[in-house]
Amino acid sequence: MKLRVYLTFNQQNVTEPVIWKLGRAFDVITNIRTAEVRENMGLVGLELEGKSEDVEAAVQWLGEQGVHVEPIEQNVIEG
């Protein structure tokens, strides 16, 4: 399963190595697609890949760390 999400970090967790910890704690592949990090906030576009249960557990863990997780919706236009 592949899931793309936006992660929003606040002032309390923007300096923590959350994505590194995520990769160590869960059997998922992390791929940073985009990032903007400032002193008091951060926004990261992250792709997670792995078994469905591992990806879901990783997303839940991110929320427990105070990271706001929002799925990236992709609109496909055919024609």
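Residues numbered from 1 in each chain as written. Predicted model: local features only at pLDDT ≥ 70, side-chain atom pairs only at ≥ 80, totals over all residues. Heavy atoms only, no water.

A.B. asks: Looking at this model, I keep getting lost on the overall build of the protein. Mind explaining?
C.D. replies: Across its full length, the protein carries two helices and four strands. Going residue by residue from the N terminus, the α and β elements of the protein occur as β-α-β-β-α-β. Considered along the principal axes of its C-alpha atoms, the protein spans approximately 45 × 25 × 15 Å. Expressed as a percentage of the 79 residues in the protein, the buried residues total 29%. Taking all contacts inside the protein whose residues are at least 6 apart in sequence as the whole, residues at least 24 apart take part in 68%. (Helix = DSSP H or I, 4+ residues; strand = E, 2+ residues; numbered from the N terminus. Buried < 20%, exposed > 50% of the residue type's maximum accessible area, 1.4 Å probe, protein only. Contact = heavy atoms within 4.5 Å.)

A.B. asks: Would you mind showing me how to read the nonpolar core here?
C.D. replies: In summary, soluble globular proteins display a tendency toward joint burial of nonpolar side chains. Core analysis: the biggest nonpolar cluster contains 17 residues, and L7, F9, L22, L46 and L62 have the highest contact counts within it. When contributions to this core are tallied by element, the ones reaching two or more residues are β1 (2-9), α1 (18-25), β3 (42-49) and α2 (52-64). Residues within four places of L62 in sequence aside, it is in contact with L7, V18, L22, V67 and V69. (Core = buried A, V, L, I, M, F, W, Y, C linked by side-chain atoms within 4.5 Å.)

These figures capture arrangement, not role.
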